[in-house]
Amino acid sequence: MKAHEWMVKYTRQTEWIDRRGILIWLAEVSNGLGGGLYLVSLYFNSLWGMFISWLAVILLKGGFHFAYLGKPMRFWRMALKPGTSWLARGFIFLTLFIGFGAFQLAFSYWMPGTAFEAIFKTIAGLSVFLVVINTGFVMNYINAIPFWNSAMLPLLFLSCGILDGLALILTIGLFGGNVDIVAAERGSRLFLVINAFLITIYLWSATYMGPTGERSVRELIKGQNARVLWLGVIFFGIFIPIVISISSHFLSEVSASLLITGVVCEMVGAFSLKYSILKCALYSPLVPI
Amino acid sequence: MTRWGMVIDLRRCIGCYSCTIGCKQEHFLPPGVFWTRLLISEIGIYPRVVSHVYPVLCNHCSEAICVKACPSGATVQREDGIVNIDYDKCVGCRYCVLACPYQQRTYYSDASKGYFPGQGLTELEVFGRELSSFQSGTVVKCNFCEEKIDEGIGKGLKPGVDREATPACVNNCPTKARHFGKLDDPDSEVSILIRQRKGFQLHPEFGTNPSVYYID
């Protein structure tokens, strides 16, 4: 965009995707991967999964967010206004997850099967659930960007997170973790369909968010970033994993390499989806056009 | 309580950028940071072309979404409606930049960047950096020249009437396209202009109730 076109034409948000904003994209992807894996690991009772996801959320999501801040040493201030700010709430949810997650991991490792473990699993699960959906609320609160101002976003991010979590737990299972691979595959199949459905509904509903929302969708489908959607999200993120998943349903046994390919493709989809959503967020012009 | 506001007469604005430059000088704004700008659009096809010039600045919305979005409490709204940033509290998350429908906030990233690249900061720039309270890594925006308003009121002056207590962009406008005053006073110049010439706000659909009005 040329300088004189800024806010005269539809203007893309750049703060959370261009230059250092790329860190926000990486943080959001880590949020989905880490949070989703934790939720799925709780279901499959995979201690490795829980531990890896807990670390991923702290080091990757927390790290990328921390690195993005202009004044990182003031990070603690982000908890000061939870009454109105979704970002402040997210910071609190993340802190709760780090704390309760640590207790839960400790109880699961040293005192498995106790009431304490069950209690901390519930609390940590609830806090990571809030961490995962919070990203959607942070974005849908911004009514200046109609493409994001959708109630579908928290749901979509949750569904994506669970799908990513299932893909990662499958990998952990393939590498010797105590995971029911058949159940993980079945879950992946289900969430691939749910995800495809939610993405379609999200994009369709965004076209009803006024001309700016419609423009964002058009930009995503036909614009400069269309390749990311069609190739990254649709082809790699949904089509190939569905083909692999269906073939694994009909064949009695699928090779580990094929499953790994499916997992990698799903990861590409996860990165592409967040990138597309951040990249195609437009503001309405301030002047008559 | 007073609510300060501005009325911009689009018929009078000639697009000379005096407001932009005046603001930059008043606040020693670094390169790339503008607290007031001109947006110029052209509609139609030659020979039937209409040009619109819109001076824009922070709207100091009464329902400011940036105040609600700010997680650290750095962005606050004074009782007189002026939305302000406490640079000592800002964490530089830029959520407010995203939330502003008018895109009137700027992330100030590099304090060492001067107007003459490769030649260091000029004496005036160094003086300006010492005088201003900006911090790199924080978000900056128009403050309605609150320091002038506060000082002027302290001296018994009337913002919008007395130059000493009036925002720099209003003072610098050679065509008197900008008017400043109390929005809640029905007899103030700004209220009369809004009433008589059907003043409008930018993007009222966002429910922010801006304090900057335009008349055409």
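Each remark here, short or long, concerns the structure printed above.
Residues numbered from 1 in each chain as written. Chains lettered and ligands numbered in written order. Predicted model: local features only at pLDDT ≥ 70, side-chain atom pairs only at ≥ 80, totals over all residues.

Participant: Requested: an account of the overall build of chain B, with residues and values cited.
Facilitator: Across its full length, chain B carries 7 helices and 9 strands. By the compact-globule yardstick of 17 Å for 216 residues, chain B fits well, its C-alpha radius of gyration being 18 Å. If one aligns the C-alpha atoms of chain B with their principal axes, the spans along those axes are about 50 × 50 × 35 Å. A burial count over chain B gives 42% of its 216 residues as buried. Sequence separation of 24 or more characterises 59% of the internal contacts of chain B that already satisfy a separation of 6 or more. (Helix = DSSP H or I, 4+ residues; strand = E, 2+ residues; numbered from the N terminus. Rg over C-alpha atoms; globule rule 2.2 N^0.38 Å. Buried ≥ 20, exposed ≤ 12 C-beta atoms within 10 Å, placed from the backbone. Contact = placed C-beta atoms within 7 Å.)

Participant: So what's going on with helix α1 (residues 18-27) of chain B? Residues and values would help.
Facilitator: Residue and element names in this part refer to chain B. Within α1 the residues assigned to the buried category are C19, C23, K24 and H27. Along the axis of α1, the buried residues cluster in a sector spanning 135°; they form a single face. Looking at the packing, one finds that the buried side of α1 touches β2 (36-45), β3 (48-57), α6 (168-172) and β8 (178-182). (Arc of directions from axis to C-beta.)

Participant: Give a detailed account of the packing of helix α4 (residues 115-140) of chain A against helix α5 (residues 152-174) of chain A, specifying residues and quantitative values.
Facilitator: Residue and element names in this part refer to chain A. One way to put it is that α4 packs onto α5 with a least axis distance of 7 Å and a crossing angle of 150°. Classified by the angle their axes make, α4 and α5 are roughly antiparallel. For the pair α4 and α5, the crossing hand works out as right-handed. Of the residues in α5, those touching α4 at V132, I133, T135, G136, F137, M139 and N140 are L153, P154, L156, F157, L158 and G161. For the contact of α4 with α5, the residue count by class is 9 nonpolar, 4 polar and no charged. (Axes fitted to C-alpha atoms, helices over the stretch in contact; angles between N-to-C directions. Parallel < 35°, antiparallel > 145°, perpendicular 65-115°, else oblique. Left-handed = near helix turned anticlockwise from the far one by under 90°. Nonpolar A, V, L, I, M, F, W, Y, C, P; charged D, E, K, R; others polar.)

Participant: So what's going on with unusual backbone geometry? Which residues, and what values?
Facilitator: Residue and element names in this part refer to chain B. The peptide bond linking Y46 to P47 adopts the cis configuration, its omega dihedral lying at 10°. Inspection of the secondary structure assignment puts P47 in the loop between β2 and β3. The phi angle at H60 is positive, at roughly 45°, despite the residue not being glycine. Mapping H60 onto the fold places it in the loop between β3 and α2 (65-69). For H60, a count of 28 C-beta atoms within 10 Å puts it in the buried group. The backbone phi angle of Q103 is positive, close to 55°, even though this residue is not glycine. Structurally, the position occupied by Q103 is in the loop between α3 (95-99) and β6 (106-108). Residue classification places Q103 among the partly exposed residues on the basis of 18 C-beta atoms within 10 Å.

Participant: Tell me about the environment of T212 of chain A, residues and numbers included.
Facilitator: Its place among the elements puts T212 of chain A in helix α7 (residues 210-222). Ignoring anything within four residues of it in the chain, the contact list for T212 of chain A reads Y10, P146, L282 and S284 of chain A.

Participant: Please provide a residue-by-residue account of the pairing of β3 of chain B, values included.
Facilitator: Residues and elements named next belong to chain B. Bridging between β2 and β3 involves 10 bridges; their strand directions are antiparallel. Counterpart to T36 in the pairing with β3 is L57. Connecting β2 to the next strand, β3, in antiparallel fashion are 2 residues. (Pairing = 2+ DSSP bridges.)

Participant: Can you break down the interface of chain B and chain A residue by residue, with the values?
Facilitator: Listed by partner, the interface residues are 33 residues for chain B and 31 residues for chain A. When residues of the side of chain B that touches chain A are traced back to their parent elements, those giving at least two are β2, β3, α2 and α3 of chain B. Tallied by class, residues from the side of chain B that touches chain A come to 21 nonpolar, 9 polar and 3 charged.

Participant: Break down the sheet that holds strand β1 (residues 4-9) of chain B for me, citing the residues and quoting the values.
Facilitator: Sheet strands pair via backbone hydrogen bonds, and the direction of the pair is either parallel or antiparallel. Residues and elements named next belong to chain B. The mixed open sheet is built from 3 strands, whose spatial order is β8-β1-β9. At either end of the open sheet lies a strand with only one pairing partner, and these are β8 and β9 (212-215). Strand-to-strand twist of the sheet, defined as the mean angle between neighbouring strand axes without regard to direction, takes the value 25°. Sheet topology note: the β1/β9 ladder contains 4 bridges and is parallel. Counted as the bridge partner of D9 is I215 from β9.

Participant: Break down the packing of helix α1 (residues 22-44) of chain A against α4 of chain A for me, with residues and values.
Facilitator: Residues and elements named next belong to chain A. Where α1 contacts α4, the two axes come as close as 9 Å, and the packing angle between them is 150°. The orientation of α1 relative to α4 falls into the category roughly antiparallel. With respect to the hand of their crossing, α1 and α4 are arranged in left-handed fashion. Contacts between α1 and α4 involve E28, N31, G32, G35, G36, Y38, L39 and L42 from the first element and K121, G125, V128, F129, V131, V132 and T135 from the second. Partitioned by chemical class, the residues of the contact of α1 with α4 number 7 nonpolar, 6 polar and 2 charged.

Participant: Before we move on, could you go through the nonpolar core and cite the residues and values that matter?
Facilitator: Counting residues in each nonpolar core, the largest one holds 140 residues, and the members touching the most others are L166 and I169 of chain A together with C66, C96 and A99 of chain B. Examining the composition of this core, we find that 13 residues originate from one element, α5 of chain A, more than from any other. Those residues in contact with C96 of chain B, other than ones at most four positions away along the chain, are C66, A69, C70, T75, R105 and V139 of chain B. (Core = buried A, V, L, I, M, F, W, Y, C linked by C-beta atoms within 7 Å.)

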